[in-house]
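Coordinate analysis (summary)
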Amino acid sequence: MELNILQAIELAISHELEARRRYLALADEADDPELRRLLNEIAQEEAGHEASLRSRLRLYEQRILLRDTLSRYVSPEMTEEILKNPEIMQLGGQRRHLTVLFADIMAFTTISEHKDPAEVVDMLNHFFTQMVDLVFEHQGTLDKFLGDGLMAFFGAPLEVPRAASQAVACAIAMQQRLHALKQEGVTPIQGLRVGVNTGEAIVGNIGSAKRMDFTIVGDVVNVAARLLEVARQEEAPIVISEATYREVEGQFSMKAGPSVVLRGRQQATVSHLVEFPLTP
């Protein structure tokens, strides 16, 4: 059976262990005290060498595992930056100013109810691959998939210059990519709604002792999710909050959106609708 490289390295290290045992056996057989001492010293050196090799191999394997894990959430460039400073991902919790983006597929139930489940999965996988690529291109972090939607944030784990602008630009790019996919006839998805909000959140590894995720929590997340509901109600492609608007004003074409009372709030929240060309 062909061995992969890591298995071959493990085999090579095991030879170090066998050599140490052989030196100890020879030491037991030696009559000369000086030779016995020398063989025992060599055996100890072999043991130290073996331990060092195994430690270095484990560090490499942990680094590869971390890279594979990070690549699901951030771009390759951001992954390499985090690997250079792994303490970034050891946050117990920090307050960070960032921008949150929620997106979901318009009329997903209507699209999926007449399709085979395998077709639905293929459709979603193809669509989300395109959308996540855009999140990464705009220096965002994928938080999670939400059935027919996704949540991403901009500004953590690494600080991102003009994070709000990156988030809005990403939302526009998503709409333009979907338009291109429709033009090519490669997706039955007809629309995408996006809600974007900016503010403070708690960032960290959150969960249980058995499973933790690097994620964010806070009111900024709740408002972004509510703005997605506004986008659905208004049949608007992209709805952003007043907080996001203040950070991106003058950079994008926008018009006033509805002032709505979001669930769980008493005061009305001002929204803005982002306008954009269908082609980049």
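Residues numbered from 1 in each chain as written. Predicted model: local features only at pLDDT ≥ 70, side-chain atom pairs only at ≥ 80, totals over all residues. Heavy atoms only, no water.

**Considering the packing of aromatic side chains**
If you walk through the whole model with that rule in mind, you get 2 aromatic pairs. Residues Phe127 and Phe128 carry aromatic rings whose centres are separated by 5.8 Å and whose planes lie at 55° to one another, so their mutual orientation is tilted. An identical accessibility class is assigned to Phe127 and Phe128; each is buried. On the numbers, 4.8 Å between centres and 45° between planes, the contact of Phe128 with Phe145 is tilted. Separated by 17 residues along the polypeptide, Phe128 in helix H5 (residues 117-137) and Phe145 in strand S2 (residues 141-146) bring together distant segments of the chain. Grouped by ring-pair contacts, the aromatic residues Phe127, Phe128 and Phe145 constitute a single cluster. (Phe/Tyr/Trp six-rings, centres within 6.5 Å; stacked < 30°, edge-to-face > 60°. Buried < 20%, exposed > 50% of the residue type's maximum accessible area, 1.4 Å probe, protein only. Helix = DSSP H or I, 4+ residues; strand = E, 2+ residues; numbered from the N terminus.)

**Here we look at the pairing of strand S8 (residues 269-275)**
Extensive coverage of S8 is indicated by the burial of 5 of its 7 residues. Here 3 bridges tie strand S6 (residues 238-241) to S8, and the two strands are oriented antiparallel to one another. Directly across from Ile240, in S8, lies its bridge partner His272. Taken together, the 6 bridges between strand S7 (residues 253-260) and S8 define a ladder with antiparallel strand orientation. By the bridge assignment, Ala256 is partnered in S8 with His272. (Pairing = 2+ DSSP bridges.)

**Comments concerning the nonpolar core**
Within the largest apolar cluster, 44 residues are counted, with the highest numbers of intra-cluster contacts made by Leu101 and Met174. Elements with a contribution of two residues or more to this core: helix H3 (76-84), strand S1 (94-105), helix H4 (108-112), H5, strand S3 (149-154), helix H6 (163-184), strand S4 (192-207) and S6. Leaving out residues up to four positions away in the same chain, Met174 has contacts with Leu101, Ala103, Met131, Leu134, Val135, Leu150 and Leu192. In terms of nonpolar packing, the next biggest core, distinct from the first, is built from 14 residues, Phe102, Phe153, Val203 and Ala224 among them. (Core = buried A, V, L, I, M, F, W, Y, C linked by side-chain atoms within 4.5 Å. Contact = heavy atoms within 4.5 Å.)

**Some details on the pattern of salt bridges**
Scanning all chains against the criterion turns up 6 salt bridges. Residues Asp104 and Arg232 are paired through a salt bridge, measuring 2.6 Å at the closest nitrogen-oxygen approach. Of the two residues, Asp104 is situated in strand S1 and Arg232 in helix H7 (residues 219-234); the sequence distance between them amounts to 128 residues. (Salt bridge = Lys/Arg side-chain N within 4 Å of Asp/Glu carboxyl O.)

**Topic: H3**
Listed as buried for H3 are Met78, Thr79, Ile82 and Leu83. Summarising the axial view, the buried residues of H3 lie within an arc of 140°, below the 170-degree limit, and thus occupy one face. More than 90 degrees from the buried face of H3, the exposed residues found are Glu77 and Lys84. (Arc of directions from axis to C-beta.)

**A closer look at unusual backbone geometry**
With omega at 5°, the peptide bond leading from Ala156 into Pro157 counts as cis. If you check the backbone angles, Arg162 has positive phi at about 55° while not being a glycine. Mapped onto the secondary structure, Arg162 falls in the loop between S3 and H6. Positive phi values are uncommon outside glycine, yet Glu235 reaches one of about 50°. Within the fold, Glu235 resides in the loop between H7 and S6. Glu235 gets classed as exposed once you look at its relative accessible area, which sits at 60%.

**Digging into the environment of Ile172**
By secondary structure assignment, the location of Ile172 is in helix H6. Considered as a pair, Ile172 and Phe252 are 80 residues apart in the sequence and their alpha carbons are 9.8 Å apart. With residues up to four places along the chain from it excluded, the contact list for Ile172 reads Ile238, Phe252, Val274 and Phe276.

**Describing the environment of Ser165**
Relative to the elements of secondary structure, Ser165 occurs in helix H6. Its relative accessible area of 6% is what places Ser165 among the buried residues. Distance in space between the C-alpha atoms of Ser165 and His97 is 13 Å, their sequence separation being 68 residues. Filtering out sequence-adjacent residues up to four positions away, Ser165 remains in contact with Glu247, Val248, Gln251 and Phe252.

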